Amino acid sequence: MGYKRKTVEFKNDNNCNKVVAYYRYSSSKQTEQSIERQVQIVEDFCAYKGLEIVAAYKDEEKSGTSTQGRIGLQAMLRDIDNNVYGQIYGIVVYIRQID
């Protein structure tokens, strides 16, 4: 099994540094420690980029194949749509792809 790491760079034209974070693990392949690792990676990335995490959402033991039943994801999208955090720069998600 191999892992692929992707880095996506965003152009920040509005000088906003607020982001929300989303974490998820699948019951069949990962554990609660997976989220702890994701949190560390995202926090390190945001610190390096000068981004402020204003909220974090998570879904435990949920497949990534559908958004149904992913209460954390749905709450995050609802809060962003309702402008709960004002203007945000983006959403930070750590993705680990397994071949």
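Residues numbered from 1 in each chain as written. Predicted model: local features only at pLDDT ≥ 70, side-chain atom pairs only at ≥ 80, totals over all residues. Heavy atoms only, no water.

Quick look at the pattern of salt bridges
Move 1: Tallied over the entire structure, the rule returns one salt bridge.
Move 2: Across the pair K58 and E60 runs a salt bridge whose closest N-O atoms are separated by 3.1 Å.
Move 3: Residue K58 is classed as partly exposed on the basis of its relative accessible area, which comes to 42%.
Move 4: Given a relative accessible area of 35%, E60 falls into the partly exposed group. (Salt bridge = Lys/Arg side-chain N within 4 Å of Asp/Glu carboxyl O. Buried < 20%, exposed > 50% of the residue type's maximum accessible area, 1.4 Å probe, protein only.)

So, unusual backbone geometry
Peptide bonds are trans in most cases, and residues, glycine excluded, mostly fall at negative phi.
Move 1: Notably, N83 is not glycine yet its phi reads approximately 60°, a positive angle.
Move 2: Relative to the helices and strands, N83 resides in the loop between α2 (71-81) and β4 (90-93). (Helix = DSSP H or I, 4+ residues; strand = E, 2+ residues; numbered from the N terminus.)

Observations regarding the nonpolar core
Move 1: Residues V19, A21, Y23, Y25, I35, V42, C46, L51 and V92 constitute the largest nonpolar core, which totals nine residues.
Move 2: When residues of this core are traced back to their parent elements, those giving at least two are β2 (18-24) and α1 (32-49).
Move 3: Among residues more than four places away in sequence, those in contact with I35 are Y23, R24, Y25, K58, D59 and E60.
Move 4: Core analysis: the next-biggest nonpolar cluster, separate from the first, contains eight residues, A55, L73, M76 and Y85 among them. (Core = buried A, V, L, I, M, F, W, Y, C linked by side-chain atoms within 4.5 Å. Contact = heavy atoms within 4.5 Å.)

By themselves, these are just geometric observations and shouldn't be taken as functional.
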